[in-house]
Amino acid sequence: VRKSQPAIVTIFGVTGDLTKRKLLPALFNLALDRHLPEQFLAIGVARRGDLETFRVDMREGIDQFSRRVPASQDSWNAFANKLDYLVGGFSDPTLYERLLVRIRQAEAEWGTKASRVFYMATPPEVFGTISDGLGAVGLGGDHDCDRIVVEKPFGTDLQSAKELQAQLLRTFQENQIYRIDHYLGKETVQNILALRFANTLFEPIWNRRYVDHVQITVAEAVGLEGRGGYYEGSGALRDMIQNHLLQILCLIGMEPPVSFDADEVRNKKAEVLRAVRRIALGEVRQYAVRGQYGATRETTGYRQEAGVQADSSVETYAALKLFIDNWRWQGVPFYLRTGKKLARRMSQVVISFRPVPHQAFPPDASEAFEENRLVIDIQPDERITMRFLAKEPGARMRLRAVNMEFCYDQAFSAPSREAYETLLQEVVEGNPTLFMRIDQQEAAWEIVAPILESWLGTPSTSFPNYAPESWGPEGADLLLAREGHRWFNNAVA
Ligand code: BG6
């Protein structure tokens, strides 16, 4: 599909937070950068509201959340003219008939067919209903031009993911289904591919012979941000590990692709998930640790948050030890951790290399010995650091770890785009490389299934077990200590 093909993006559930904070600011910035076709229409669909209120609301959202503020009146007016609004219940068949009429009208004006994107910014319970509604009026039937974008969660476990897939397949084919994982739209996450496959330097050492272990951390300083109701049905394992962290694991662990074809990249990523060693139900304790934050004098604990049960056993922290059973990674632990209300916001991958095979320096030279590390900071820092040993200046030979750094903001003058800008542009242009294919989605559910079953089956007796602004529960330290490792809470110092 050529970029110049007109596009119509229909957003279902447009009154929700996602549209105001992310989707509309992203579309607006794409329009400013001329990454959207001239002939473009965004239709908001919701149970109530009207076009004028929608415009006012979206303008507010852009002023508050766009990476470029304030928006000039002219650019906003031009964009606001490309917005429309439809009111209706998602199970009301006439809604889809009206949508079809509106789409046809725009296409008739433009004199050509548009690429049509249907964005599910709704609660997951209605994904299937909307997809069926579209199918009933023939929308979705054009396998080249029609696409559906599904926000996470894609199911709540393997079984429900399969059921949702079956529902979507009644209207769409797999290559029309774009499952969003917004981490894949982040510049620093995409750069993992560039780092690995555009350079000769790293690939020869990117394996079990040189890599000792890998740590993937997505730590958040924030708590629930008013999403208690959703989070009670989710927890950290489903909210973050099943998607974001496992996707990062794929990028670190995958074999070099033959090309950057969507399916080639996705095949290589799917292979990683297939190779992740499945954890037996009885062994979950050896591989996974959960945590829940408590209260302090100043802040509420998880169990006191709005929408949360007073005896909730939902985890706000999860740490996993995984192994990838293939030639490249056999025996190398991959540690994953994520949590809310942790010491600070930090998304980071650390590749920790093996020590040198022979230590020729006298003991007093290498008192400060450290293994080499490659540290990939995804956010809020956007940088890559190589940490290695150097000789301290002076008469004697003494070794000290030093850093060699690449920082995005110093190397490039343009600020990073928002993940949703990248992802929406890819959907409009019909490139599914950055989206999760169903086999990845199912494999990811399979990996977390035993942990989920074990945790849901045995409520924790030790919750809450970590303090806000800490690095999580003690059990997570033990998980690594058993292998002679420790978490790098500050990997570059
Ligand atoms: C979302 C989760 O997918 O990712 C949230 O549902 C989490 O709970 C968010 O806060 C983190 O995204 P980011 O881009 O702020 O790291």
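Please refer to the structure placed before this passage.
Right, let's walk through the structure included here.

Parameters and conventions
- Residue numbering note: each chain is counted from 1, following its sequence as written.
- For a predicted model such as this one, the threshold for reporting local features is a pLDDT of at least 70, and the threshold for listing and counting side-chain atom pairs is 80 or more; totals across whole chains, interfaces and linings nevertheless cover every residue.
- The side-chain values count all of the structure's non-hydrogen atoms but skip hydrogen atoms and water molecules.
- Centres within 6.5 Å are what make two rings of Phe, Tyr or Trp a pair, Trp counting through its six-membered ring; a difference in plane orientation under 30 degrees is then read as stacked, over 60 as edge-to-face, and the rest as tilted.
- Working definition: helices are DSSP H or I runs of at least four residues, strands are E runs of at least two. Numbering for both runs from the N terminus.
- To sort residues, take the accessible area from a 1.4 Å probe on protein chains only and compare it with the maximum for the residue type: under 20% means buried, over 50% means exposed, and anything in between is partly exposed.
- The criterion for a charge sitting over a ring is simple: Lys NZ or Arg CZ within 6 Å of the ring centre, and within 35 degrees of the ring normal.
- Only a single heavy atom is needed: when it lies within 4 Å of a molecule or strand, its residue is near that molecule or strand.
- Under this definition, polar contacts are N or O atom pairs within 3.5 Å; protein pairs additionally need one hydrogen-donor-capable and one acceptor-capable atom, and for neighbouring residues in sequence, both atoms have to be side-chain atoms.
- Accessibility throughout is a Shrake-Rupley quantity obtained with a 1.4 Å probe, and a residue counts as covered only by protein chains that appear here.
- Residue polarity follows a fixed list, in which Ala, Val, Leu, Ile, Met, Phe, Trp, Tyr, Cys and Pro are nonpolar, Asp, Glu, Lys and Arg are charged, and the others, Gly among them, are polar.
- Any two residues whose heavy atoms approach within 4.5 Å are treated as being in contact.
- The way it works is a 1 Å grid over only the protein atoms, where trapped points that fit a 1.4 Å probe form a cavity and open points with protein on both sides within 12 Å along at least five of seven lines form a pocket, and then any residue with an atom within 4 Å of a point lines it.
- Grid points are joined across faces, edges and corners, and a volume is the space filled by probe spheres set on the points.
- At least two DSSP bridges between two strands are needed for those strands to be called paired.
- Axes here mean lines fitted to C-alpha atoms, for a helix over just the part in contact, with angles spanning 0 to 180 degrees between N-to-C directions.

**A word on the packing of aromatic side chains**
Evaluation of the coordinates by the stated rule reveals 17 aromatic pairs. Between the aromatic rings of Trp-76 and Phe-79, the centroid separation amounts to 6.1 Å while the plane-to-plane angle is 50°, which identifies the pairing as tilted. Linking Trp-76 with Phe-79, this pair stays in helix H3 (residues 73–80), spanning three residues, or about one helical turn. Of the two residues, Trp-76 and Phe-79, neither departs from the other in class, the shared state being buried. A network of ring pairs unites the aromatic residues Tyr-230, Tyr-231, Tyr-293, Tyr-302, Tyr-317 and Tyr-466 as a single cluster. Note that Arg-179 overlies the ring of Phe-154, its terminal NZ or CZ placed 4.7 Å from the centroid.

**Considering unusual backbone geometry**
For the peptide bond that leads from Lys-152 to Pro-153, omega is 0°, which places it in the cis range. Among the secondary structure elements, Pro-153 is positioned in the loop between strand S5 (146–150) and helix H6 (158–169). The step from Gln-379 to Pro-380 runs through a cis peptide bond, and the omega angle for that step is -10°. Structurally, the position occupied by Pro-380 is in the loop between strand S12 (373–379) and strand S13 (383–391). A positive phi angle, near 55°, is found at Arg-34, a position not held by glycine. Assignment of secondary structure puts Arg-34 in the loop between helix H1 (17–32) and strand S2 (40–46). A positive phi angle, close to 55°, is found at Lys-341, a residue other than glycine. In this structure, Lys-341 sits in the loop between strand S10 (334–339) and strand S11 (346–353).

**Topic: the site of the ligand**
Looking at the ligand, the residues that line it are Lys-152, His-182, Tyr-183, Lys-186, Glu-220, Arg-227, Asp-239, Met-240, His-244, Lys-340 and Gln-379. With respect to the ligand, the side chain of Arg-227 contributes an N or O atom lying 2.9 Å from an oxygen atom. Here an oxygen atom of the ligand and a side-chain polar atom of Gln-379 are 2.6 Å apart. Protein coverage of the free-state accessible area of the ligand, which is 390 Å², stands at 82%. Ranked by residues supplied to the shell around the ligand, first place goes to helix H9 (residues 236–253) with three residues. In terms of residue class, the shell around the ligand is made up of two nonpolar, three polar and six charged.

**Some words on the side chain of Thr-19**
Checked against the element boundaries, Thr-19 lands in helix H1. Assessed through its relative accessible area of 0%, Thr-19 is described here as buried. Among residues more than four places away in sequence, those in contact with Thr-19 are Ile-11, Gly-13, Val-14, Leu-24, Pro-25, Met-58 and Ala-121.

**Thoughts on the environment of Val-314**
Its location among the elements puts Val-314 in the loop between strand S8 (288–291) and strand S9 (317–322). The class of Val-314 is buried, set by a relative accessible area of 13%. Sequence separation of Val-314 and Tyr-293 is 21 residues, and the distance between their C-alpha atoms is 10 Å. Not counting residues up to four positions away in its chain, the partners in contact with Val-314 are Tyr-231, Glu-232, Gly-235, Gln-292, Tyr-302 and Phe-463.

**A short note on the layout of surface pockets**
Estimated volume of the second largest pocket: approximately 510 Å³. Every residue lining the second largest pocket is counted, 22 residues in all, and those nearest its centre are Arg-285, Ala-288, Val-289, Arg-290 and Trp-455. Broken down by secondary-structure element, the contributors of at least two residues to the lining of the second largest pocket are helix H11 (284–287), S8, helix H14 (438–457) and helix H15 (474–481). It is H15 that provides the largest number of residues to the lining of the second largest pocket, a total of four residues. A class-by-class count of the residues in the lining of the second largest pocket yields 10 nonpolar, eight polar and four charged.

**Observations concerning the sheet that holds S11**
With mixed pairing, eight strands are arranged side by side in an open sheet as S8-S9-S10-S7-S11-S12-S13-S14. At either margin of the open sheet sits one strand with a lone partner, and together these are S8 and strand S14 (399–407). The average undirected angle you get between the axes of adjacent strands in this sheet is 15°. Pairing of S8 with S9, which is carried by four bridges, proceeds in the antiparallel orientation. Pairing of Val-289 across the sheet is with Ala-319, part of S9. Where H14 meets the sheet, it contacts S8 and S9, and its direction lies at approximately 50° from that of S8. Across the sheet, H15 lies against strand S7 (211–219), S8, S9 and S10, angled at about 10° from S9, the strand it touches most.

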